[in-house]
Amino acid sequence: MQRRAQRVERNQRAKRRGRVLVCAAAVPVMLVAAGCSSDSGSGDSTDKAAKAAASASASPSPTVQAAAYGKLPEPCKVLSKKTLEDLVPKGKSGKEGKSDDISTRGSCSWNSLDNNGVKGSQFRWLNVSMLRFESDVTRGPADKLAQEHFEKQVQEAQAVEGAKSVKTEPVAGTGDQATAVHYDLKKKEGTFKQQTVVARVENVVVTLDYYGAGLAGDKTPSGKDMLKDAEKAAKEAVGAVSEANGEGGGKAGGAPSKSPSKSPSKSASKAPSKGASDEPSKGASASPSKKPASKS
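Everything numeric in this text was worked out from a predicted model, so none of it was measured. (Residues numbered from 1 in each chain as written. Predicted model: local features only at pLDDT ≥ 70, side-chain atom pairs only at ≥ 80, totals over all residues. Heavy atoms only, no water.)

Asks: What is the right way to read the overall build of the protein from this model?
Replies: The helix and strand tally for the protein stands at four helices and seven strands. Overall, the protein shows an N-to-C arrangement of helices and strands of α-α-β-β-β-α-β-β-β-β-α. Within the protein, buried positions represent 39% of all 296 residues. Long-range contacts, defined here as pairs at least 24 residues apart, represent 65% of the contacts in the protein between residues at least 6 apart. Accessible surface, the protein: about 17,000 Å² in total, of which carbon and sulfur atoms supply 52%. (Helix = DSSP H or I, 4+ residues; strand = E, 2+ residues; numbered from the N terminus. Buried < 20%, exposed > 50% of the residue type's maximum accessible area, 1.4 Å probe, protein only. Contact = heavy atoms within 4.5 Å. Areas by Shrake-Rupley, 256 points an atom, 1.4 Å probe, with all protein chains shown as cover.)

Structure below.
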């Protein structure tokens with residue numbers, strides 16, 4: 001009996017030692033597995049972060065086509081002496097408008113009063129304004145911004161309060177696109193004949209206003225003749241812009257861009273909009289009020 005009890009006790013001790021050994025062996029395996037799992041996760045996270053950084057650095061920065069024209073001519077020198085003699089025969093030197101940045105905007109005006117004594121007098125007023133746009137990553141390329149402003153200028157000319165017999169027509173051979181708006185404006189001094197020619201060449205918009213009236217009983221000038229003179233002067237001003245930027249054309253009318261607009265004015269057949277000006281980031285107002293004055 002004693003021997004049997006000793007054998008049972010030895011067997012129980014052997015089983016306990018076996019369980020201890022199995023548990024001890026299992027612990028390193030668990031630690032190794034946990035370590036591998038942790039290393040694998042850390043590596044994946046690092047790889048993903050590295051790939052994301054590489055992808056971000058490889059993405060190109062937004063770009064936009066640079067503006068074709070970088071400067072404007074002197075406003076009071078865009079028209080020849082001969083043209084000024086024809087449009088404002090009794091005018092003196094032009095009056096340059098104020099500008100915070102002459103490379104972005106500029107304007108000049110002239111007026112003329114031809115006094116014929118008891119027969120009355122002939123009044124003329126002429127203004128040329130220029131607005132140059134720069135390309136902007138957010139707003140778009142310069143020529144597109146200029147075209148948008150061109151459209152708004154045409155709409156403004158069509159929407160002048162009190163205008164009668166408003167007519168809009170394209171002007172050929174003047175920059176990339178040009179439109180003339182002409183109408184009558186009756187005042188107590190007489191009937192004023194108003195001509196506005198808006199033209200775009202590349203990223204520059206040129207707006208020419210020309211009006212006249214017979215005062216104190218003198219006859220009303222011919223709107224047809226004044227329109228012809230205004231279109232000629234606008235073509236000359238556009239040519240001066242191109243010439244100032246080193247392109248050919250001079251006073252002839254400017255060099256159109258390689259991809260000019262198919263239509264001289266998208267707004268020519270539409271109802272005018274009263275929301276008007278698209279201003280660049282710098283500069284003061286480029287053009288005076290379109291309402292004519294009765295005196296010089």
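Asks: Would you explain the sheet that holds strand 3 (residues 121–132) in this entry?
Replies: Within a sheet, neighbouring strands are paired by backbone hydrogen bonds and run either parallel or antiparallel to one another. An order of 1-2-3-7-6-5-4 is seen for the seven strands of this open sheet, with the pairing classed as antiparallel. Of all strands in the sheet, those with a lone pairing partner are strand 1 (95–96) and strand 4 (164–170), marking the two edges. Alignment of strand 5 (residues 177–187) against strand 6 (residues 190–201), held across eleven bridges, turns out to be antiparallel. Looking at strand 6, one finds that L185 is bridged to F192. The sheet strands contacting helix 3 (residues 142–158) are strand 3, strand 4, strand 5, strand 6 and strand 7 (204–215), and the helix crosses strand 5 at an angle near 20°. (Pairing = 2+ DSSP bridges. Axes fitted to C-alpha atoms, helices over the stretch in contact; angles between N-to-C directions.)

Asks: Could you clarify how one ought to interpret the nonpolar core in this entry?
Replies: Generally speaking, soluble globular proteins have nonpolar side chains that are buried together. Of all hydrophobic cores here, the largest spans 31 residues; its most connected members are L79, W110, L126, V128, V206 and L208. No other element matches helix 4 (residues 223–244), which puts nine residues into this core. Apart from residues lying up to four places away in sequence, V128 is in contact with V78, L79, G106, S107, C108, W110, V206, T207, L208 and A237. Listed in part, the 21 residues of the second largest apolar core include L145, A146, V160 and Y183. (Core = buried A, V, L, I, M, F, W, Y, C linked by side-chain atoms within 4.5 Å.)

Asks: What am I meant to see in helix 3 here?
Replies: Side chains three or four residues apart in an α-helix point the same way, a direct result of the helix having 3.6 residues per turn. Helix length check: helix 3 (17 residues) gives 25 Å between terminal C-alpha atoms against 24 Å at 1.5 Å per residue, within 8%. Along helix 3, twelve of the 17 residues are buried, which leaves the element largely enclosed by surrounding structure. Within the sequence span of helix 3, burial applies to A142, L145, A146, Q147, H149, F150, E151, Q153, V154, Q155, A157 and Q158. Tucked inside the fold, the buried residues of helix 3 contact strand 3, strand 4, strand 5, strand 6 and strand 7. (Expected span 1.5 Å × (residues − 1).)

Asks: Hey, could you run me through the state of the cysteines in this one?
Replies: Here, disulfide denotes a covalent bond that connects the sulfur atoms of two cysteines. Evaluated as defined, the whole model comprises one disulfide. Sulfur-sulfur distance for the disulfide between C76 and C108 comes to 2.0 Å. Disulfide C76-C108: the torsion about the S-S bond is 95°, which places it as right-handed. In this pair, C76 sits in the loop between helix 1 (2–58) and helix 2 (81–87) while C108 sits in strand 2 (residues 105–115), placing the two residues 32 residues apart along the sequence. (Disulfide = S-S within 2.5 Å.)

Asks: When you look at the pairing of strand 2 in this model, what are you seeing that I'm missing?
Replies: Regular strands place their side chains on alternate faces of the sheet. The pairing of strand 1 with strand 2 spans two bridges and is classified as antiparallel. Each residue of the ladder has a partner; that of K95, found in strand 2, is S109. Two strands pair when backbone bridges link them, and strand 2 and strand 3 are joined in this way by eleven bridges, in the antiparallel orientation. In the strand pairing of strand 3, G106 is matched with M130. Hairpin connection, strand 2 to strand 3: the antiparallel pair is bridged by five residues, and G117 has positive phi, about 70°.

Asks: What is the right way to look at the pattern of salt bridges in this model?
Replies: Here the idea is simple: oppositely charged side chains can pair when their charged atoms come close. Applying the stated rule across the entire model yields seven salt bridges. D86 is the salt-bridge partner of K232, the closest N and O atoms lying 3.8 Å from each other. Residue K232 is found in helix 4, and its partner D86 is found in helix 2; the two are separated by 146 residues along the sequence. A network of salt bridges, in which partner residues are shared, links K82, D86 and K232. (Salt bridge = Lys/Arg side-chain N within 4 Å of Asp/Glu carboxyl O.)

Asks: Is there a simple way to think about the confidence of the model for the protein in this case?
Replies: Any segment with low pLDDT has predicted coordinates that should not be analysed in fine detail. Per-residue confidence for the protein gives a mean pLDDT of 78; residues scoring 70 or more make up 63%. Note on residues 20–24: pLDDT is under 50 here. Beyond four places in sequence and across chains, it has zero contacts. pLDDT under 50 marks residues 26–38. Its contacts with residues more than four places away, or in other chains, come to zero contacts. (pLDDT = per-residue confidence, 0-100.)

Asks: I keep staring at the side chain of N203 and nothing clicks. Help me out?
Replies: The topology assignment puts N203 in the loop between strand 6 and strand 7. Separated by 2.8 Å, the side chain of N203 and the backbone nitrogen of Y69 make a polar contact. Non-local contacts of N203, meaning those with residues more than four positions away in its chain, are made with A67, A68, Y69, L131, R132, F133, A142, D143 and A146. (Polar contact = N/O pair within 3.5 Å; in protein donor to acceptor, adjacent residues only side chain to side chain.)

Asks: Any chance you could explain the environment of F150 here in plain terms?
Replies: Mapped onto the elements of the fold, F150 is located in helix 3. With 50 residues separating them along the chain, F150 and R200 place their C-alpha atoms 6.6 Å apart.

Asks: Honestly, unusual backbone geometry in this entry has me stumped. Any pointers?
Replies: In terms of backbone geometry, most residues other than glycine have negative phi values and most peptide bonds are trans. Look at E202: it is not a glycine, yet its phi comes out positive at around 55°. Looking at the secondary structure, you find E202 in the loop between strand 6 and strand 7. Here E202 falls in the buried class, since its relative accessible area comes to 13%.

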